[in-house]
Amino acid sequence: MIYSFKFAAFLIAFAQISCVSSFVREGHLDLDGYNFAFLASFCGNYTGPAVQYNFSYPKINCCISFLSYFEDQWWKIWPRPELDCNEKVNSLDPNGSQVVNLTTNNSRAGCHLVPSETNSLVMSCRGYLMYEVSTEEPSTRKCWYLAVSNCYSAKKELKLDYSLNITGAAPNKATATFHRLSLLCDLLLNCFLTMWVSCTSTAH
């Protein structure tokens, strides 16, 4: 069967669009004793991936930052329990596109204050990020790691709702499993230390 040039071009374009991967990561963080947390990881070609984000968190917890790490940057700070929040964030250029401060003072973050059901103020942020990396090998797949931090909050905690619509990439499933196990180990260790301190205090 012979197709016209225009119809063949349409089929090629349709196939390219259909092959583009996309997925959503969303959830709620309510972490006491933490001011840095992993959200998601994805892999795509050197150009093309994009993330449409939606964050909301109590204004009293301002200000949270949305962080994007390249793979080599990420493994320099994770898992590194000896590094504090600032040391993990300072590995990125604060004036570059890899750090998005989710506050109304940052015009490119897309944030505004809205009242909640309890009449308290909530920081609501919506935005869009595109990921590109210069490389001599266009076929090489690059991976990114997304996290949030709240290094300067009065309380060491992370409380926020998030939704990440990631297109032009596929989820890094192995990394997501590793980080869930790592967080579980941290929580179990904290519980053990709390119980040990409680038992020690009771004994005295």
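Each remark here, short or long, concerns the structure printed above.
Residues numbered from 1 in each chain as written. Predicted model: local features only at pLDDT ≥ 70, side-chain atom pairs only at ≥ 80, totals over all residues. Heavy atoms only, no water.

Draft legend 1. Here's a closer look at the state of the cysteines. Under the definition given, this model contains four disulfides. Disulfide pairing places C85 opposite C151 at an S-S distance of 1.9 Å. With the S-S bond torsion at -75 degrees, the cross-link from C85 to C151 turns out left-handed. Highlighted residues: C85 in helix α3 (residues 85-89) and C151 in the loop between β8 (141-149) and β9 (157-167), separated in sequence by 66 residues. With respect to burial, C85 and C151 carry one shared label: buried. There is a disulfide in this structure between C111 and C125, and the S-S distance comes to 2.0 Å. One quick way to see it: the torsion about the S-S bond of C111 and C125 is about 110 degrees, and its sign makes the bridge right-handed. Taken together, the residues C111 in strand β6 (residues 111-115) and C125 in strand β7 (residues 121-132) connect sequence positions 14 residues apart. Each member of the pair, C111 together with C125, is buried. What links to what in the chain: the bonded cysteines, counted in sequence order, pair as 1-7, 2-3, 4-8, 5-6. (Disulfide = S-S within 2.5 Å. Helix = DSSP H or I, 4+ residues; strand = E, 2+ residues; numbered from the N terminus. Buried < 20%, exposed > 50% of the residue type's maximum accessible area, 1.4 Å probe, protein only.)

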